[in-house]
Each structure stands twice: as structure tokens, then as C-alpha cells.
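Examination of the molecular architecture
Here are the chains, one letter per residue:
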Amino acid sequence: MSNWKIKLDIQSKDADSTKSLCDALATDCEVVWNEESFSVEIIEAKAKDLRAMWNTRIRGLIAVNSLMTVIDQY
């Protein structure tokens, strides 16, 4: 049986914002830092499980990014 895999490279508007996004995923998955960005890789045996894990990670990133946008306004 083969696994399903997806990789996401993430870089925000500045280093601090990128670090905040990375920290938001710290308890969910392993991250790999590059020079100015980081990546996450999700591997699952079933496509539906991969989709669920992907959705969870993306929703977390969207929530943190939205919060940073609100905080930056003040």
C-alpha cells in the first residue's frame, strides 16, 4: 500500500510573522526551516486522512495569520 504525501512551503511578509506561523504548527507536525521560510510535509496512508490533516493545518495557519493582521493594525 502506498502513502499519500503533500508538502507546503510557507513564508510570510517578514521573519517574525513566518516564525509565528511556524510556532502555530509546533504541536501539530514537524517543520523544516529553510533560509527565510519553513515547510511541512504530511504523509498519510489514506487520501481522506491526508485531506483532513491538511485542512487542520491550513485552518490553523489562516487563524494565526488573521490574528496577526488584526494585531498589526493597532
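The coordinates are above.
These notes cover the structure that comes with them. Since this is a predicted model, take the numbers as computed values, not measurements. (Residues numbered from 1 in each chain as written. Predicted model: local features only at pLDDT ≥ 70, side-chain atom pairs only at ≥ 80, totals over all residues. Heavy atoms only, no water.)

Moving on, we get to the side chain of R57. Here R57 lies in helix 2 (residues 47–72). For R57, the residues in contact, after removing those within four places along its chain, are L25, D28, C29 and I42. (Helix = DSSP H or I, 4+ residues; strand = E, 2+ residues; numbered from the N terminus. Contact = heavy atoms within 4.5 Å.)

Here we come to the sheet that holds strand 1 (residues 4–10). By way of backbone hydrogen bonds, the strands of a sheet pair with one another, either parallel or antiparallel. Taken in spatial order, the three strands of this open sheet run 1-3-2, and their pairing is antiparallel. In the strand order of this sheet, the two ends are held by strand 1 and strand 2 (31–33), each with one partner. Pairs of neighbouring strands in the sheet enclose a mean axial angle of 20°, with direction left out of account. Against the sheet, helix 1 (residues 15–24) engages strand 1, strand 2 and strand 3 (38–44), with an angle of about 155° to strand 2. Contacts from helix 2 reach strand 1 and strand 3 within the one sheet, and its direction differs from that of strand 1 by about 15°. (Pairing = 2+ DSSP bridges. Axes fitted to C-alpha atoms, helices over the stretch in contact; angles between N-to-C directions.)

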